[in-house]
Amino acid sequence: MPQILVEYSDRLADAFDRRGFALALHPVAAKLIGSALPDFKTRFRPIAEAVIGTGEATEAMVHVDLAILPGRDAELRARLGDLTLTMLCDHIKPGCRLNTQVTVEVRDIASYHKRVLTS
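Since the structure is predicted, the reported quantities are computational estimates derived from the model, not experimental observations.

**Concerning the nonpolar core**
Ranked by size, the top nonpolar core spans 28 residues in total, and within it F16, F21 and V62 carry the most contacts. Sorting the residues of this core by element identifies strand 1 (3-9), helix 1 (18-33), strand 3 (59-68), helix 2 (74-90) and strand 4 (99-108) as the ones contributing at least two each. Top contributing element to this core by residue count: strand 3, with 6 residues. Apart from the residues within four sequence positions on either side, V62 is in contact with V6, E7, Y8, L12, F16, L88, I92, T100, Q101, V102 and T103.

What follows is the structure in structure tokens.
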């Protein structure tokens, strides 16, 4: 926990600093929600095909699904969403000639099981 899934239009591959985003978000979000930094996991999934609005080639999107353990109030989840959105926008380079819709959803994990295997 937290589990973070980032889906992004593959047209943004060169303009979106994915690793930089995750490395910037993890420590700040960990402090905000009181979670251990090693527990953060962010996965990136490029979207090869999506239709946004009227389907113009100049449209793109990035969506973050941020799942956390339940128990945090609505205000904290809203602050986490705002923080994530700001950091996400900071890691998309301007000038990529795409209208990019950037969204974040913060949700509670319904059920979570974990085991860490060490070598």
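**Here's the deal with the side chain of T42**
Locating T42 in the fold gives a position in strand 2 (residues 41-47). One polar contact links T42 to H26, side chain to side chain, over a distance of 2.7 Å.

**A word on the pattern of salt bridges**
Overall, the coordinates contain 2 salt bridges when judged by the stated rule. For the salt bridge of R45 with E7, the shortest nitrogen-to-oxygen distance reads 3.6 Å. Taken as a pair, R45 in strand 2 and E7 in strand 1 lie far apart in primary sequence, 38 residues in all. You can call R45 partly exposed: its relative accessible area is 43%. The salt bridge involving R107 is made with D65; its shortest N-O contact spans 2.9 Å.

**Regarding the environment of F21**
One can find F21 in helix 1. In this structure F21 touches V6, F16, F44, V64, T84, M87, L88 and H91, once residues within four positions along its chain are discounted.

What counts and how
Residues numbered from 1 in each chain as written. Predicted model: local features only at pLDDT ≥ 70, side-chain atom pairs only at ≥ 80, totals over all residues. Heavy atoms only, no water. Core = buried A, V, L, I, M, F, W, Y, C linked by side-chain atoms within 4.5 Å. Buried < 20%, exposed > 50% of the residue type's maximum accessible area, 1.4 Å probe, protein only. Helix = DSSP H or I, 4+ residues; strand = E, 2+ residues; numbered from the N terminus. Contact = heavy atoms within 4.5 Å. Polar contact = N/O pair within 3.5 Å; in protein donor to acceptor, adjacent residues only side chain to side chain. Salt bridge = Lys/Arg side-chain N within 4 Å of Asp/Glu carboxyl O.

Purely spatial values, then, with no claim about function.
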